[in-house]
Amino acid sequence: MKTRFTIATVVLLLSSMFTLKAQTLESKYGLDSAQTVLNASLYVEMVKQKNYEEALPGWRYVYNNAPAYGKTAYIKGVTIMRGMLRKTKNPKYIDTLMMVYDQRIKYFGKDRKYPEGWILGRKGGDLFKYKKKHIPSVKEAYSILKKSIEMQQLKSEATVINYTMEASGILVKAGEIEPEEVIDNYLLFMDMAKKQIDAETKESKKENLDNARKNVEQIFFKAGVADCETLSNIFTAKFEANKDDMVLINKILRMLNRQECEDGALYAMVAERKYELEPNADAAHNLAKMFIKKKEFGKSKNYLEQAIELEEDAEIKADLHYKLASIQFLQGQLSASKSNALKAAKLKQNWGLPYILIGKTYASYSQKYGSSALDHKKVFWVAVDKFKKAKAIDPECAADAQKLISDYSKHFPGKEEAFFEGIKNGDIVKIGDWINETTKARLNE
């Protein structure tokens, strides 16, 4: 009571300071400036104390009689309604909560920092959160959330995207939307996440965005539309009816690539059709992936070489060189494999996998290098050098590189056999042939 008395006294003293102006519902202080300031002060104090029931009368006065007074009424209004809902479990507070968001849009929807799209995201999120077991409400929330994302684009909050994805999963299982719509959402949100992560400079925020991306993936897989058979069932008839629709073709290929469905009949049809319509780097790459999955390496190499020639993006080109190098390694074309792995490493900085592959090509050649057992073992020095480089530059493959270092170091020459050729620990040694590397001798006991 003392707090209320103090606030009321101060407000009454201040009320005399307001100049006489026409007071209307649409003016900042509403119909009665003194009452507006008094009630605003009272409910703000009650909210601080988390006494939401006591806050309601003062807040309700400002909401009804001075709706343009300030954003605080709507921010605190959300807090009050959530608090009352937790306390009473009465769904009427959800309805009032929705009204709070609607009125905020009416009076503050053009706010630069928190515009209508942002408010809709919060509104749809709360409706979904509190009524996710009620399908009509989920449908309404989904519509609101989609509108928010349409308006906010890359400024969309991660929680809004996650709620939208979760809502679409519920609705597809209820038969309210088609599986293709869930797929469209997934592709859109994954693209948005990549752009948001690429644009962000703070590592902590990058990590949060990446966690949100992973959450979208997890929700999508739970929706039950992600396996290869389901995707084939969804898209085969659509493709057959629209074989010249490049938007559809690209969507199908993106989805099948993401789910690693390159060995299916649908992928073959769509990839080949894309190559017929647009024989570009992406089309050649898709066919290469298909033939890799089928282990038809001769055909895959042909398309990889075409893709490399046509591709302009350095990072994608690096991946193409690496794939080609991997196939050449499997076919025993070790020198060619090394050459393409080096090109991949040059195009994509701090990527360890190409160096691991080069190390493996060296190790595979060990028995063919030189004429003695010692010559064969020398090759493992340069192989381990490459594994160490991979570990040093790329944390993602550091564990695999360390295992290879441990495994192949066991094959180093022993001190006794190296002694007869005058080789000591730390000596500079040249490994010739196509390997053409200089290294330091390391000898086992």
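For the structure, see preceding data.
This section reports on the structure supplied with the text. (Residues numbered from 1 in each chain as written. Predicted model: local features only at pLDDT ≥ 70, side-chain atom pairs only at ≥ 80, totals over all residues. Heavy atoms only, no water.)

Topic: the overall build of the protein
Now for step 1: Summing up its helical and strand segments, the protein has 21 helices and 2 strands in all.
Now for step 2: In terms of overall dimensions, the protein has C-alpha extents of about 105 × 60 × 40 Å along its principal axes.
Now for step 3: A fraction of 60% describes how many contacts in the protein between residues 6 or more apart in sequence connect residues 24 or more apart.
Now for step 4: Within the protein, one finds 72 positive and 59 negative side-chain charges whose respective centroids are separated by 7 Å. (Helix = DSSP H or I, 4+ residues; strand = E, 2+ residues; numbered from the N terminus. Contact = heavy atoms within 4.5 Å. Lys, Arg positive; Asp, Glu negative; His and termini not counted. Charge placed at Lys NZ, Arg CZ, Asp CG, Glu CD.)

Comments concerning the environment of proline 179
Now for step 1: If you trace the backbone, proline 179 turns up in helix H9 (residues 179–199).
Now for step 2: Those residues within four positions of proline 179 in sequence are excluded, and the remaining contacts are Val172, Val225 and Ile234.

Side note on the packing of helix H14 (residues 281–293) against helix H16 (residues 314–330)
Now for step 1: Interaxial distance between H14 and H16 falls to 12 Å at its minimum, and their mutual angle equals 30°. As judged from the angle between their axes, H14 and H16 are roughly parallel. H16 is crossed by H14, and the crossing has left-handed handedness. Where H14 approaches H16, its residues His285, Lys289 and Ile292 are matched on the opposing element by Asp319, Leu320, Lys323 and Ile327. (Axes fitted to C-alpha atoms, helices over the stretch in contact; angles between N-to-C directions. Parallel < 35°, antiparallel > 145°, perpendicular 65-115°, else oblique. Left-handed = near helix turned anticlockwise from the far one by under 90°.)

A short note on the pattern of salt bridges
If the charged atoms of two oppositely charged side chains come close together, the side chains can form a pair.
Now for step 1: Enumeration according to the criterion identifies 31 salt bridges in this entry.
Now for step 2: Here arginine 82 makes a salt bridge to aspartate 126, at a shortest N to O gap of 2.9 Å. Of this pair, arginine 82 sits in helix H4 (residues 72–88) while aspartate 126 sits in helix H6 (residues 116–131), and the two are 44 residues apart along the sequence.
Now for step 3: Salt bridges sharing common partners tie together Glu180, Asp184, Lys238 and Lys251. (Salt bridge = Lys/Arg side-chain N within 4 Å of Asp/Glu carboxyl O.)

Considering the layout of surface pockets
Now for step 1: There is about 1300 Å³ of room inside the largest pocket.
Now for step 2: Secondary structure elements with two or more residues in the lining of the largest pocket: H9, helix H12 (246–258), H14 and H16.
Now for step 3: Looking at the lining of the largest pocket residue by residue, the class counts come to 6 nonpolar, 4 polar and 17 charged.
Now for step 4: Taken as a whole, the second largest pocket holds about 310 Å³ of empty space. (1 Å grid on protein atoms, 1.4 Å probe; cavity = no way out; pocket = protein on both sides within 12 Å on 5 of 7 lines; lining within 4 Å. Points joined across faces, edges and corners; volume = space filled by probe spheres on them. Nonpolar A, V, L, I, M, F, W, Y, C, P; charged D, E, K, R; others polar.)

Concerning empty space enclosed by the protein
Now for step 1: As enumerated under the stated definition, the model contains 2 cavities of 30 Å³ or more in all.
Now for step 2: Of the pockets and cavities examined, the largest cavity occupies roughly 60 Å³.
Now for step 3: Of all the elements in the fold, those that place two or more residues in the lining of the largest cavity are helix H8 (158–173), H9 and helix H10 (203–222).
Now for step 4: Ranked by residues supplied to the lining of the largest cavity, first place goes to H10 with 4 residues.
Now for step 5: Residues belonging to the lining of the largest cavity are distributed by class as follows: 7 nonpolar, 2 polar and 1 charged.
Now for step 6: Taken as a whole, the second largest cavity spans an internal volume of roughly 40 Å³.
Now for step 7: Every residue along the wall of the second largest cavity is listed here: Gly117, Trp118, Gly121, Ser148, Gln152, Lys155, Ser156, Glu157 and Val160.
Now for step 8: At the level of secondary structure, the elements contributing two or more residues to the lining of the second largest cavity comprise H6 and helix H7 (135–152).
Now for step 9: Of the residues contributing to the lining of the second largest cavity, the split by class is 2 nonpolar, 5 polar and 2 charged.

Structural notes on the state of the cysteines
Now for step 1: On inspection of all chains with the given rule, the structure shows 1 disulfide.
Now for step 2: The disulfide partner of cysteine 228 is cysteine 261, and the S-S distance across this bridge is 2.0 Å. Taking the sign of the torsion about the S-S bond as the criterion, the disulfide between cysteine 228 and cysteine 261, at about -85°, is left-handed. Placement of cysteine 228 in helix H11 (residues 228–241) and of cysteine 261 in the loop between H12 and helix H13 (265–277) is noted, with a sequence separation of 33 residues between them.
Now for step 3: The class for cysteine 261 is buried, based on a relative accessible area of 4%. (Disulfide = S-S within 2.5 Å. Buried < 20%, exposed > 50% of the residue type's maximum accessible area, 1.4 Å probe, protein only.)

A look at the packing of aromatic side chains
Given two aromatic rings, one states the distance between the centres and the angle between the planes to describe the pair.
Now for step 1: Summed over all chains, the structure comprises 15 aromatic pairs.
Now for step 2: Seen in terms of ring centroids, tryptophan 59 and tyrosine 63 are 4.9 Å apart; in terms of plane orientation they differ by 25°. Their pairing is stacked. Of this pair, tryptophan 59 and tyrosine 63 both sit in helix H3 (residues 52–65), 4 residues apart, which is roughly one turn of that helix.
Now for step 3: By the ring-pair criterion, three or more aromatic residues cluster together here, those being Trp59, Tyr63, Tyr74 and Phe108.
Now for step 4: It is lysine 348 that lies over the ring of tryptophan 351; its NZ or CZ is 4.4 Å from the centre.
Now for step 5: Taking the ring centre of tyrosine 355 as reference, the NZ or CZ of lysine 389 above it sits at 5.1 Å. (Phe/Tyr/Trp six-rings, centres within 6.5 Å; stacked < 30°, edge-to-face > 60°. Lys NZ or Arg CZ within 6 Å of the ring centre and 35° of its normal.)

Describing the nonpolar core
Now for step 1: Grouped together as the largest cluster of nonpolar side chains are 88 residues, with contacts concentrated most on Tyr43, Trp59, Ile80, Ile183 and Phe220.
Now for step 2: The dominant element in this core, judged by the number of residues it contributes, is helix H5 (residues 92–108), at 9 residues.
Now for step 3: Those residues within four positions of tyrosine 43 in sequence are excluded, and the remaining contacts are Ala55, Gly58, Trp59, Val62, Thr72, Ala73, Lys76 and Ile80.
Now for step 4: Among the nonpolar cores identified, the runner-up in size contains 38 residues, and Ala363, Ala401, Phe412 and Ala441 belong to it. (Core = buried A, V, L, I, M, F, W, Y, C linked by side-chain atoms within 4.5 Å.)

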